Amino acid sequence: MIAKVKILDNGYYTITGKTGEFKIENVPAGEYPIVAWLPSGDEARGTVTVKAGESAEVKLDVAEVSKKESHTRKDGTPYGRYK
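Residues numbered from 1 in each chain as written. Predicted model: local features only at pLDDT ≥ 70, side-chain atom pairs only at ≥ 80, totals over all residues. Heavy atoms only, no water.

### Quick look at the pattern of salt bridges
Item 1. Under the counting rule described, the total for this entry stands at two salt bridges.
Item 2. In this structure, Glu25 and Lys23 form a salt bridge, with 3.6 Å as the shortest nitrogen-oxygen distance.
Item 3. Given the relative accessible area of 62%, Lys23 is considered exposed.
Item 4. A salt bridge links Glu43 to Arg45; the shortest N-O distance between them is 2.8 Å. (Salt bridge = Lys/Arg side-chain N within 4 Å of Asp/Glu carboxyl O. Buried < 20%, exposed > 50% of the residue type's maximum accessible area, 1.4 Å probe, protein only.)

### Let's talk about the layout of surface pockets
Item 1. Put simply, the largest pocket is a space of about 1,900 Å³.
Item 2. Looking at the largest pocket, it is lined by 46 residues, and the ones nearest its centre are Thr14, Phe22, Ile24, Ile34 and Val35.
Item 3. Going through the elements one at a time, strand 1 (30-36) and strand 2 (44-50) are the ones with two or more residues in the lining of the largest pocket.
Item 4. Considering each element in turn, the lining of the largest pocket owes the most residues, five residues, to strand 1. (1 Å grid on protein atoms, 1.4 Å probe; cavity = no way out; pocket = protein on both sides within 12 Å on 5 of 7 lines; lining within 4 Å. Points joined across faces, edges and corners; volume = space filled by probe spheres on them. Helix = DSSP H or I, 4+ residues; strand = E, 2+ residues; numbered from the N terminus.)

Just geometry here; none of it tells us what the structure is for.
The structure is reproduced here in structure tokens:
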């Protein structure tokens, strides 16, 4: 089994839609770091400034890295489907 876990110290997070757009509601005014990533890619980092009563827009370029080899058994053979 393979898993990725991201621990956040706040409640301001989301998952993007199919087009990559997202919305996070009720963020207090201020400047914040922002991080985006794909399961098989590197993190893209930036900052976003949120002004009271306004929408903020941010653009981060994320790209997949080459696909990693699939997880295999200890003997190197691939796992099959269970019947």
